[in-house]
Structures are given as C-alpha cells and as structure tokens.
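Residue strings, one per chain:
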Amino acid sequence: MEVEHPDHRRPVYLMATINGVQVRRALVDTGVSLNLIALSTLEAVGLTDKRIQGAPIEITGFGGSEESTKGYVQLALRVGPIVALTRFHVINSEVSYHVLLGRPRLHKHRLIPSMYHQCVKRRLNGKPVRIPANHNPLSQGEVNFVETMFYDELESDGESATPGTPGAPEGPRPSDFMITQEEIPKELVQKAQIQTEEKLIEINLEAELGSQKPVFISSQLTTQEKEQLVALLQKYMDVFAWTYDEMPSLDPELVVHSLNVDPRVKPVVQPVRVFHTNVEAQITQEVKKLLAAAFVKPIQHPKLLSNIVPMKKQNDQIRCCVDFRNLNKACPKDEFSLPNIDLLVDSALGTSMFLFMDGYSGYNQICMAAKDVEKTAFKTPIGNFYYTIMPFGLKNAGATY
C-alpha cells in the first residue's frame with residue numbers, strides 16, 4: 001500500500017460523529033487504557049455535564065503527570081461504518097484532540113490502526129473495511145497546536161489564534177465542528193444500547209446421587225470449552241464451599257475484625273420488627289444454619305441490639321442481613337483505599353474468558369475480635385444472638401476483607 005508522504009510523522013485523527021455532530025479529531029492512541037473526551041467537546045456537541053456519571057478517577061499522563069477525571073459518559077459514537085455505545089471518561093483540560101480512542105474502543109471492535117498508513121482496518125461481515133484518517137484535521141485558527149507542522153494544508157475557518165496566548169493549546173470551539181443533517185440511524189443506536197443478558201446453565205459437580213454441588217456456567221461456551229471448564233472445576237472442587245460448615249475460619253492470630261466504637265455514644269436497642277410468617281420461617285431456618293456452623297451464639301442481656309433485615313436472593317431464598325446503622329454511626333470510618341472496580345475490569349480487556357467469582361461468603365472466614373462480638377448482637381424470632389465471625393453490613397468490613 002503506497003503512502004502519500006512516506007516520511008510523515010502524523011498521528012491518526014479519524015472523523016467521528018457524536019450526537020449528530022461530526023468531529024474532526026478523534027485521536028487513535030494504542031498506549032491509553034481509557035477513552036477520553038474533553039469537557040469542551042461535550043459542550044460543543046450540545047451535551048451538558050449532567051450526562052456525566054460515576055466517580056472521578058486518577059489518570060497518569062506522559063511524564064507521570066496526574067489528573068482527575070470528572071466521571072464518564074455513555075455516548076453513541078460513529079466512526080466509519082461502526083456505530084456503538086462508547087464509554088468516555090471526561091477531562092477538563094486543554095488538549096489538541098476532541099476525543100481520544102484508546103485500547104477499550106480498539107479492542108472491542110478489533111480495530112487495527114496504522115500510523116504509517118494513516119488508517120484503521122478491521123473485518124466487518126467477513127469483508128475488510130478501511131477507515132482512512134482525516135488528512136485536514138486542523139484549521140488555520142489552530143496554528144497554536146504543534147501538530148500543524150505535520151500537515152501541508154489547513155482548513156480555512158476565518159479565525160486566528162487567541163491573542164495573548166501564543167502556543168497555548170485551546171479546547172475545541174464550535175467552529176471546530178461541522179454540523180451535519182445526517183443523524184445516526186435510530187435502529188443502530190437502539191441496537192448499540194441493547195444490554196444482552198447471558199443465559200447460564202446449572203452444572204452439578206458432585207457425582208454421587210442425592211448430593212448437590214451446583215455451579216453456573218455460560219450457555220454460550222462451545223462443547224469443548226464446557227467440558228474443559230467442568231473438568232477443571234471438578235478437579236479443584238475442594239476449594240469451593242456450598243454450606244457454612246465447609247468454610248473454615250482464618251486463624252485469629254492472622255486477622256480479626258475489631259470495632260473501634262466511640263465510648264461516648266450511647267448503645268441503642270432497636271425496637272422489635274415484625275415479619276410475615278413465611279419470612280419469619282425462612283429467618284428461623286437461616287439462623288439455625290448459622291448456629292449449627294458456630295457463626296453465631298446466643299446472648300441474654302445485650303447492651304446493643306439490632307434487627308434482622310431479610311434480603312431476597314435470586315433463588316427466592318433470603319439472606320439474613322443485620323441493620324447495623326446505629327453501630328456504624330458509633331464507629332469511625334476506616335479510610336483504607338479499596339481497589340477501583342473500573343480499573344480491575346479494564347485490566348481484563350482482551351482476555352478470551354472472564355470469571356466472576358461470587359465471594360459472598362468470604363466475610364464468614366474472618367473472626368470478630370473477642371472484645372467486640374457482643375456488639376454485633378441481633379434479635380430473631382427464636383432469640384438474640386451475636387456473630388463470632390465478621391458479618392455483612394459493618395462499616396469497615398470491606399477494608400478488613
């Protein structure tokens with residue numbers, strides 16, 4: 001494939017369409033693990049910062065400089081023939097691009113960029129598709145961008161650089177965009193917005209009749225993948241637990257959960273909560289399981305007493321949570337930095353399989369400190385009990401876990 005300027009140093013700027021507005025500088029960058037959009041771009045395409053959701057995250061740029069995003073937005077983005085919902089993290093910075101397409105977008109659509117050939121390629125419906133770069137991404141009013149040295153011609157927009165700030169990059173102005181009458185087809189946007197729900201199939205790992213040790217795997221696996229996955233799970237079946245008594249607690253000398261309760265706070269005994277007879281029977285059954293596994297013990301004269309909060313699970317059973325709001329108010333927050341779930345998921349990008357481990361019983365492997373066990377007391381239809389292991393609902397349980 002011949003290149004017009006073999007010795008060029010141009011980046012790959014693609015034409016893209018957002019909210020019916022065609023942007024000229026969608027920068028392709030294989031070294032970035034996020035898709036980014038400038039706040040000025042968001043405003044220029046007619047969208048407000050009210051569309052921003054999620055929590056800010058810290059991103060590190062070239063040279064180690066750090067910056068916080070404002071959150072993220074979900075936008076229908078069209079690049080060439082490809083239309084799909086794309087998550088962009090919003091930055092309030094002066095940058096030379098309108099949007100930056102990082103590895104999430106490239107990997108999701110299997111795009112192969114070539115800086116040298118100034119294009120992006122992929123196969124669509126079995127046929128090769130080539131998306132050429134925009135050869136005139138900058139206008140005469142943007143000579144302040146260093147990238148202008150790589151282009152022989154600049155678009156005429158009748159504007160000059162902002163006086164008094166030579167060489168300082170600016171965010172995109174409305175003149176940087178070309179408003180088109182062509183809108184993104186509604187059926188494509190609706191298709192991009194469809195969130196497919198993957199069906200699961202139940203597999204019993206226990207070979208003995210009458211014994212149930214179920215796991216759920218994807219119904220979209222091939223026969224070979226299914227056989228290999230089931231064989232792997234059966235080989236290491238001993239590391240999983242299906243009942244409370246199969247979960248040995250961690251050595252208290254290794255870790256325990258302590259409650260740093262403010263002694264000035266008066267203990268609260270919550271008023272009795274009444275449940276439907278069916279729910280009450282399920283609560284009683286669940287408490288008996290906890291009692292048999294030695295996860296709870298009875299108590300007669302608690303100074304602090306909380307209520308049971310039954311939570312319905314997907315299998316129509318209930319999980320017995322406890323209303324620890326009064327106890328949590330008396331405990332200071334442990335500011336231990338928890339991992340960012342978005343970054344953890346992004347780190348799995350490009351892998352052929354992704355396993356979601358349900359660790360809902362992980363808390364039950366950490367013991368409560370002996371001095372604090374009675375503070376977890378809760379009332380049930382069959383009496384009052386306290387936890388010997390760390391339960392759900394405590395303010396700092398996540399940090400200890």
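Definitions and limits used
Residues numbered from 1 in each chain as written. Predicted model: local features only at pLDDT ≥ 70, side-chain atom pairs only at ≥ 80, totals over all residues. Heavy atoms only, no water. Helix = DSSP H or I, 4+ residues; strand = E, 2+ residues; numbered from the N terminus. Buried < 20%, exposed > 50% of the residue type's maximum accessible area, 1.4 Å probe, protein only. Contact = heavy atoms within 4.5 Å. Areas by Shrake-Rupley, 256 points an atom, 1.4 Å probe, with all protein chains shown as cover. Pairing = 2+ DSSP bridges. Axes fitted to C-alpha atoms, helices over the stretch in contact; angles between N-to-C directions. Core = buried A, V, L, I, M, F, W, Y, C linked by side-chain atoms within 4.5 Å. Phe/Tyr/Trp six-rings, centres within 6.5 Å; stacked < 30°, edge-to-face > 60°. Lys NZ or Arg CZ within 6 Å of the ring centre and 35° of its normal. Expected span 1.5 Å × (residues − 1). Salt bridge = Lys/Arg side-chain N within 4 Å of Asp/Glu carboxyl O.

**Observations regarding the overall build of the chain**
Right, so step 1: Within the chain, the secondary structure is distributed over 8 helices and 21 strands.
Right, so step 2: Counting all 401 residues of the chain, 38% fall into the buried class.
Right, so step 3: Here the contacts in the chain between residues at least 6 apart in sequence split such that 63% fall between residues at least 24 apart.
Right, so step 4: Of the accessible surface of the chain, which amounts to about 24,700 Å², a share of 53% is contributed by carbon and sulfur atoms.

**Observations concerning the sheet that holds strand β20 (residues 378-380)**
Right, so step 1: In space, the 5 strands of this open sheet follow the order β16-β21-β20-β17-β18, with mixed pairing throughout. One side of each edge strand has no neighbouring strand; the edge strands of this open sheet are β16 (296-298) and β18 (318-322). For this sheet, the mean inter-axis angle between neighbouring strands, taken without regard to orientation, is 45°.
Right, so step 2: Of the strand pairs in this sheet, strand β17 (residues 306-312) and β18 are connected by 5 bridges, and their pairing is antiparallel. Looking at the pairing, I308 lines up with V322 of β18.

**Some remarks on the nonpolar core**
Right, so step 1: Residues I283, I308, L327, F378, Y387 and L394 are the most contacted members of the largest nonpolar core, which totals 30 residues.
Right, so step 2: Sorting the residues of this core by element identifies α5 (277-292), β18 and β21 (383-387) as the ones contributing at least two each.
Right, so step 3: Excluding its chain neighbours within four sequence positions, the residues that come into contact with I308 are R273, F275, I283, C320, C321, V322, F378, K379 and T380.
Right, so step 4: If you look at the next biggest cluster of nonpolar residues, it comprises 29 residues, including I37, L42, L77 and F88.

**Description of the packing of aromatic side chains**
Right, so step 1: Applying the stated criterion across every chain yields a total of 2 aromatic pairs.
Right, so step 2: With centroids separated by 6.3 Å and ring planes inclined at 35°, the aromatic side chains of F378 and F385 adopt a geometry described as tilted. For the pair F378 and F385, one class covers both residues: buried.
Right, so step 3: Positioned above the aromatic ring of Y72 is the side chain of R87, whose terminal nitrogen or guanidinium carbon lies 3.7 Å from the ring centre.

**A few points about the pairing of strand β11 (residues 127-132)**
Right, so step 1: In this sheet, β11 lies alongside strand β10 (residues 119-124) in antiparallel orientation, the contact comprising 6 bridges. Its bridge partner being in β11, V120 is matched across the sheet by I131.
Right, so step 2: Hairpin connection of β10 to β11: 2 residues between the antiparallel strands, including N125 at a positive phi of 55°.

**Quick look at α5**
Right, so step 1: Taking 1.5 Å as the rise per residue, α5 with 16 residues should run 22 Å; its terminal C-alpha atoms sit 23 Å apart, in good agreement.
Right, so step 2: Those residues of α5 that fall on the buried side of the exposure criterion are I283, T284, E286, V287 and L290.
Right, so step 3: Structurally, α5 contributes buried residues whose contacts are with β16, β17, β18, β20 and β21.

**Side note on the pattern of salt bridges**
Right, so step 1: All told, the structure shown has 6 salt bridges when counted by the stated rule.
Right, so step 2: Linking D323 and R325 is a salt bridge whose minimum nitrogen-to-oxygen distance equals 2.8 Å.
Right, so step 3: A relative accessible area of 8% means that D323 is categorised as buried.
Right, so step 4: Residue classification places R325 among the exposed positions, given a relative accessible area of 56%.
Right, so step 5: K375 is the salt-bridge partner of D372, the closest N and O atoms lying 2.9 Å from each other.

None of this, on its own, says anything about what the molecule does.
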